[in-house]
Protein chains: 4
Amino acid sequence: MLMTIDQNSMKTFENYESQVRSYSRSFPTVFNKAKGSKMWDIEGKEYIDFFAGAGALNYGHNNESMKQKIMDYIQEDGISHSLDMGTVARANFLERFNDVILKPRNLDYKVMFPGPTGANTVESALKIARKVTGRDTIISFTNAFHGMTLGALSVTGDSFKRKGAGISLNNTVAMPYDNYFGNNSSIEYLKRFLEDSGSGVGLPAAVILETVQGEGGINAASFEWLQEIEKLCRRYDILFIIDDVQAGCGRTGTFFSFEPARIKPDIICLSKSISGYGLPMALTLIKPEYDIWGPGEHNGTFRGNNMAFIAGAEALSYWETDEFAESIQEKANILQERFEKIVSDYPELKATARGRGLMRGIACGKGKEDYAVKICSKAFEKGLIMETAGPDDQVIKFLGALTIDKEELNKGLDILEEAFKEVVRNN
Amino acid sequence: MLMTIDQNSMKTFENYESQVRSYSRSFPTVFNKAKGSKMWDIEGKEYIDFFAGAGALNYGHNNESMKQKIMDYIQEDGISHSLDMGTVARANFLERFNDVILKPRNLDYKVMFPGPTGANTVESALKIARKVTGRDTIISFTNAFHGMTLGALSVTGDSFKRKGAGISLNNTVAMPYDNYFGNNSSIEYLKRFLEDSGSGVGLPAAVILETVQGEGGINAASFEWLQEIEKLCRRYDILFIIDDVQAGCGRTGTFFSFEPARIKPDIICLSKSISGYGLPMALTLIKPEYDIWGPGEHNGTFRGNNMAFIAGAEALSYWETDEFAESIQEKANILQERFEKIVSDYPELKATARGRGLMRGIACGKGKEDYAVKICSKAFEKGLIMETAGPDDQVIKFLGALTIDKEELNKGLDILEEAFKEVVRNN
Amino acid sequence: MLMTIDQNSMKTFENYESQVRSYSRSFPTVFNKAKGSKMWDIEGKEYIDFFAGAGALNYGHNNESMKQKIMDYIQEDGISHSLDMGTVARANFLERFNDVILKPRNLDYKVMFPGPTGANTVESALKIARKVTGRDTIISFTNAFHGMTLGALSVTGDSFKRKGAGISLNNTVAMPYDNYFGNNSSIEYLKRFLEDSGSGVGLPAAVILETVQGEGGINAASFEWLQEIEKLCRRYDILFIIDDVQAGCGRTGTFFSFEPARIKPDIICLSKSISGYGLPMALTLIKPEYDIWGPGEHNGTFRGNNMAFIAGAEALSYWETDEFAESIQEKANILQERFEKIVSDYPELKATARGRGLMRGIACGKGKEDYAVKICSKAFEKGLIMETAGPDDQVIKFLGALTIDKEELNKGLDILEEAFKEVVRNN
Amino acid sequence: MLMTIDQNSMKTFENYESQVRSYSRSFPTVFNKAKGSKMWDIEGKEYIDFFAGAGALNYGHNNESMKQKIMDYIQEDGISHSLDMGTVARANFLERFNDVILKPRNLDYKVMFPGPTGANTVESALKIARKVTGRDTIISFTNAFHGMTLGALSVTGDSFKRKGAGISLNNTVAMPYDNYFGNNSSIEYLKRFLEDSGSGVGLPAAVILETVQGEGGINAASFEWLQEIEKLCRRYDILFIIDDVQAGCGRTGTFFSFEPARIKPDIICLSKSISGYGLPMALTLIKPEYDIWGPGEHNGTFRGNNMAFIAGAEALSYWETDEFAESIQEKANILQERFEKIVSDYPELKATARGRGLMRGIACGKGKEDYAVKICSKAFEKGLIMETAGPDDQVIKFLGALTIDKEELNKGLDILEEAFKEVVRNN
């Protein structure tokens, strides 16, 4: 079968697929095969993948141990699709998640399967927060990204995507994210709006945030800021939701991105890499006292994607010792250093390096925003897959697999440097 | 691994999973294995499956030909997860879908991958309808079910689920579905509201409906009613959206449920069985003139579940000749006959048989609504999986695989009859 | 002063006033003086007034006894404006309203001064209904008119006016008014939507309606229908709001329009003629058990228009005996007869006579809608002020003063007949 | 008549009036008569009025020259109530307003009569701004007060009043008013939210603000801040609405409060003192290019309160020369000095003097908020009517008549000082 498709199959997408398609425009080829941090297109060209399914492939493409588990499961005719019925794979995943992730971190959450996408977990989190508190308003933050369904979109910052709703997005208030004004005032801003009964912002049901904003431009909140947010939530009895869809599952160096900030959110949203193999799956973790759902009050067909349970349970093996976390940190250091070097090598871009763990970016400065897209485009030509982020697409974003080896990492970074050189020199 | 879980693993769900879980309450066991129309739990008990993943398994569990294709694809390290990048599997699926489904039916639609769930396709349909028309309101119908995310929920009828939103659901108007008042007046009702500029219902962006309502209680709209709706849409320049998530993919006997009504909706929502193997996948089909999305205006991580493309392309083989459709019709006739017999055997239930194709139900009458749950519960004890539907859970619903063989079908129906007998006789 | 303005002053409105002006277009002259049911323009032309300030002048222009009371009050420097402070005039009005209106009718309501307009009383009614019930939705009816502020507009039917909001109007559901389909089905529709938990219409906070719709086209609900609505409200614990802004204050023959239907609404909205002299004033009557406002939770500057209290207290004198009500009935009979005669004289208009008491109209039939405006325009030329109503301006509406004498009434009707004759004969 | 009411008539309000009543609680007596800056209750006790109908009586109670005009008009049976028909009084008011106010200030606005209240003008302003721009969002400011109807409430800050809506208030965003954080940052915040396409705040239809916030606590915006807001509106093509309902009509020293800031808003809201005599009336001034209303797109019964036109035209006489404005300034200086003296005399209250023109307040400091209510209450006992403002009722507010003579002003301030002395010394 694979033989019948050639490079002309790009025409297939133009002919048959909606105008809404996006990444097949940024990365204009047809991919065929992938393993670890490498992808190959139908002409056999090899790419290093610094995008990793937008963070859904933290363990690399087609991770070998998970692959075996999935193949065995399929072979044995294990349940593929189960809605939210009880299955062995589901029970096993729940046990593993508790044993490997929650208990060792002294965390106590009920696990909800809200449907297979990040938007599903966000939608469920907003619903239960509103039910628990009886309040309407959700506070989200500037440049947040939480998803494309109406509820998730209402807490997302991007005005192009918001406009796509076609109706006004309500019951939410956008507050400045950490460092939004280039100083520490953002927490004071929020505090003032909450404490002042005349501010026009009533007591919210919940605050939702990403500890490191991905789509928003690789903005990493400081731990102090996160702690201050938690304090405000406690003072005013507001639920604290962490959307760890992209920053979680080890992306920043610990399983949950918020661990080093020593905070305990009331609700946690997980998706993307939770299944380990890029398979659709999401979890909503809810403090037991807030798990007041009625049976079936939120449901969905694809809450029982059992291959995802199988791979996801296996993926947790990475977290049984500290080794994996340490290896992430090591690579994060390399990445940081090299990003900082690039930044200092190209002062004309007024760029800054930013991020945390293996979620990092280079933000091109004021007036130089369009360099980011050009550099990523050039890098792609040279065999590197990287995407931009930020409201003006001004941030070159690294979201490579956590399992990438140092050689691949450095090789990718070499390509990136070349792309910088060619693009900047030519302008 | 599978050995370590025993029947006590029901405790796993109670201990670790959220209160929101539902089907693991209706079908209180732990399933282990499945094939075609059969499932087995960890104690080896066999069940005939008349539910088929709520319609996501129209081709049965772990369909053998798809299974082989998936295993080969995984084995070869084909791309698992690709966001919406170009892949061979995606191109191939698009080609197949056009060749096997659209072209032979003389249909011309652009294909959008809106994310992997039914709710995703509905959300995207509402967005593009609002963008195309510049209007806010969507008209949906009584007892509609379109999904749990905020936009999809706003066009869903069930008040318990709507309340779960925690905020008011707006920009939608519920109109009476065909036969809602037990007569033909529902189309007149809608017509009057549209033609009267003082009705309080402004010109809507779109009408969205299921041709056979599943969750709503197996209500099948007449073809005349569907044609009248289409006419109204044309007269007032309203987009016509068919949500074929459950009724599509052959469920009613043709690939699209609306084919025999000879209507051409502007937007079609597909999900559930489109992947063939129960894997999360959804499509939104949009008439080319309405495909005015900006690139990335709607996006999502799991738009490139390639195993689903592989299985989905294979599933389309069923539609290459008329044989499959004919076999559905044959079984539908059996089902209808036996349902009608049950209805007439138990006049005390004041029940009615309803539905179309292999989407059928027995609705217990006024005052007898609770029999439906009792009968399904009894059937489960006896090895048959069936669910209820309708606002009062008063409808026993058949959604078994389209590939079920007649023997299994009849065996399952025998169990159902026994369940009727025991439950009705004991009350 | 009055001398300096001449007929050219129509230019004043064109030059200085917003395009939004309306009645100065339908009645293109400059009025100078008025008394009872007569108005005079600056050229001395006399008009009989069958419009009476859209029902705000039920006791005629510049009613002599009220005029004296107001002049005395102003002369003595009685408080003009008092916010909602205690004043003698306010206390006196409250006492009078209780003694003359509420007690004799065995009604017990708390009186709220919600601001001086009909929209203010409607807005306050919706607020308190939502507060009492903790629910969002208000059920209103097709062709309802309740006002132009955002809350009042959200329960108004007219699509042109609704669109004027510039945003979507939410938390309301429009249901068919009595006889909307030309048969008795409308109550069944509402009943079905309420009883069915899958209808998409959740339990509302309140139902709001006019017993006779004025702007909507002089649609008079039957008493049976009103009683059925009340029963539904009681069954489902929904508050029942009567907007008696136009139909109240005697317009239909009794002080409250709903008296002959023997229903007891939970909240009543009054404005227009409550002040007697056309001065801005409104009341919201609330059953004591629902009067759970916090102090100042709803407020406004013009809640203490004391001249309106003075005139309003005097106006209540009309209701101390049955004489006034009887005289209304007598005139209503004349009006009805003559309207019916006109209808039968011009069968080509397929017109119908409709309404109740002195709130009556002639509705031109399908295809003949534009006759209504032409006839009113012709009548104006001949010295009669009448307006149209209905979604297509197809209804010629009588809202003349209740104090009109029979001679004036007949003279006005003679003019109307002539206008019919000229317009119909000329077409 | 007036004789029959005695001090027991306070019972009348308790017995018959809704719990929502407010000022009759703060000022617990029954007023009978008023003139200029004095009021008398039924026991003959005299009060100096520093509240002036919350700014609706800028020309004092029962202003003699307006009184004569009104009495003559009533006597001659001039039109009282005219909807929005043409009348001599209306034409005359329009001419006067243009001649005395707009032309000399080189301003060009169309005049809309939106209904008689401040909320009506705000609702109409929001509507037309949304219609002109085709956008939804309105930016309002912390501690704004614009009225109690749903649209006006949605741009009001007070959380108690907002909650009174019973539904969520949408399509608005609250931004920090000038000096909200005690520094100049608020304009930077707004700028940042507007310029960042990822901020979560889309391009708004309009900005609405009061140049001096009354209910919000006598917060006076600096002219620089107002100019910056205007610049932002011009840069982003946002309509700029000034709500001059309370701060206009000379309250701050010029007819429009924004004159000294040299800005030209697109829409201006006027009410309260525009009628001069405390009679309900409001205007919306709209730049001609934005006056795109359809006829009757916004309407209302009480748009033609002709007595208000008569008094309002006469009130404009105050603005024919500069004398009146100068006298306001003179008294404003006295007021400022004496407020500052009080503030320095009671350092324990950590109070500040604030405001502009004759719209001034003393804000009690952190932890001392409740002194304000106590002092006003004590002042009332001593014969002075003053209200508090601010989210914690912490501001003692002066809104006395602009026509107050210096002796009365000083006498009132003497009483206020005594009240401070007694309350502060006793605590």
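Up top you'll find the structure we're talking about.
Throughout, a residue's number is its position along its own chain's written sequence, starting from 1. Both sets of labels track the order of writing: A upward for chains, 1 upward for ligands. Local features are withheld for residues below a pLDDT of 70 in this predicted model, meaning they are given only at 70 or higher, and side-chain atom pairs are given and counted only at 80 or more; totals for whole chains, interfaces and linings count all residues. Side-chain calculation: all heavy atoms of the structure are included, whereas hydrogens and water are not.

Caption draft 1: Structural context of helix α10 (residues 223-236) of chain A. All names here are of chain A. Its 14 residues give α10 an end-to-end C-alpha distance of 20 Å, which sits within 8% of 20 Å, the value for a rise of 1.5 Å per residue. A 1.4 Å probe rolled over the protein chains alone gives each residue an accessible area, and that area as a share of the maximum for its type sets the label: buried under 20%, exposed over 50%, partly exposed in between. Helix and strand labels come from DSSP, where a helix needs a run of H or I of at least four residues and a strand needs a run of E of at least two; each type is numbered from the N terminus. Along α10, the residues that are buried comprise Trp 225, Leu 226, Ile 229, Glu 230, Leu 232, Cys 233 and Tyr 236. The arc enclosing the buried residues of α10, seen along the axis, measures out at 160°, which places them on a common side. Projecting away from the buried face of α10 at angles above 90 degrees are the exposed residues Glu 224 and Arg 235. Contacts: residue pairs with any heavy atoms within 4.5 Å of one another. The inward-facing, buried residues of α10 abut β5 (138-141), α9 (185-195), β7 (206-209) and β10 (239-243). Asp 237, located one to two residues past α10, shows a positive phi value of around 60°. Take the number of residues in a helix, subtract one, and multiply by 1.5 Å to get its expected span. Arc definition: directions from the helix axis to the C-beta atoms.

Caption draft 2: Region of the structure containing the relation of the copies chain A and chain B. Alignment of copies: least-squares fit on C-alpha atoms of residues with pLDDT of at least 70 in both copies. Overlaying chain A on chain B yields an RMSD of 0.0 Å, the required transformation being a rotation through 180° with an accompanying axial translation of 0.0 Å. Taken together, the rotation and translation describe the operation of a two-fold axis. In terms of C-alpha distance to the rotation axis, chain A has A:Leu150 as its closest residue, with the C-alpha 2.6 Å off the axis. A shared interface surface links the copies, since 100% of the contact residues of chain A are contact residues in chain B too.

Caption draft 3: Unusual backbone geometry, seen in detail. For B:Asn106, which is not glycine, the phi dihedral falls at a positive 60°. Inspection of the secondary structure assignment puts B:Asn106 in the loop between α5 (88-102) and β5 (110-112). B:Asn106 sits in the exposed class, given a relative accessible area of 60%. Even without being a glycine, D:Lys350 presents a positive backbone phi close to 45°.

Caption draft 4: View of the interface of chain A and chain B. With 107 residues of chain A in contact, the opposing surface of chain B contributes 107 residues. As a working definition, buried area equals the accessible area (1.4 Å probe) given up by two parts on being put together, with both sides summed. Regarding the contact of chain A and chain B, the summed buried area is about 9800 Å², with carbon and sulfur atoms giving 62% of it. Of all residues in chain A, A:Tyr16, A:Val88 and A:Phe302 give up the largest surface area on contact with chain B, accounting jointly for 8% of the area buried on that side. Note on definitions: salt bridges are taken to be side-chain nitrogens of Lys or Arg within 4 Å of carboxyl oxygens of Asp or Glu. One can count six salt bridges joining chain A with chain B. Note that B:Glu17 and A:Arg90 form a salt bridge whose closest N and O atoms lie 3.2 Å from each other. Two N or O atoms form a polar contact when they lie within 3.5 Å of each other; inside protein one atom must be a possible hydrogen donor and the other a possible acceptor, and for residues adjacent in sequence the pair counts only when both atoms belong to side chains. Our enumeration of links across chain A and chain B arrives at 52 residue pairs in polar contact (both at pLDDT 80 or more). No other element matches the seven residues that helix α5 (residues 88-102) of chain A contributes to the side of chain A that touches chain B. Under the convention adopted here, Pro, Cys and the residues Ala, Val, Leu, Ile, Met, Phe, Trp and Tyr are nonpolar, Asp, Glu, Lys and Arg are charged, and Gly plus all remaining residues are polar. When grouped by side-chain class, the residues that make up the side of chain A that touches chain B number 48 nonpolar, 35 polar and 24 charged.

Caption draft 5: Representation of helix α12 (residues 323-345) of chain C. Residues and elements named next belong to chain C. If you check α12, its first and last C-alpha atoms are 33 Å apart, about what 23 residues at 1.5 Å a residue would give, namely 33 Å. Three or more residues of α12 are buried, namely Phe 324, Ile 328, Lys 331, Ala 332, Ile 334, Leu 335, Arg 338, Phe 339, Ile 342 and Val 343. Here the buried face of α12 lies against β13 (352-356), β14 (359-363), β17 (395-398) and α14 (406-425).

Caption draft 6: Representation of the packing of aromatic side chains within the structure. Put simply, two rings from Phe, Tyr or Trp (the six-membered ring, in Trp's case) pair if the centres are within 6.5 Å, and we call them stacked under 30 degrees between planes, edge-to-face over 60, tilted for the rest. The tally for this structure, following the rule as stated, stands at 114 aromatic pairs over all chains. Measuring from centroid to centroid gives 5.2 Å for C:Trp319 and C:Phe324, while their planes differ by 85°, and the two rings are edge-to-face. Taken as a pair, C:Trp319 and C:Phe324 share a single burial class, namely buried. Aromatic pair D:Tyr47 and D:Phe380: ring centres 5.0 Å apart, planes at 15°, arrangement stacked. Here D:Phe380 lies in helix α13 (residues 371-381) and D:Tyr47 lies in strand β3 (residues 46-49), a separation of 333 residues in the sequence.

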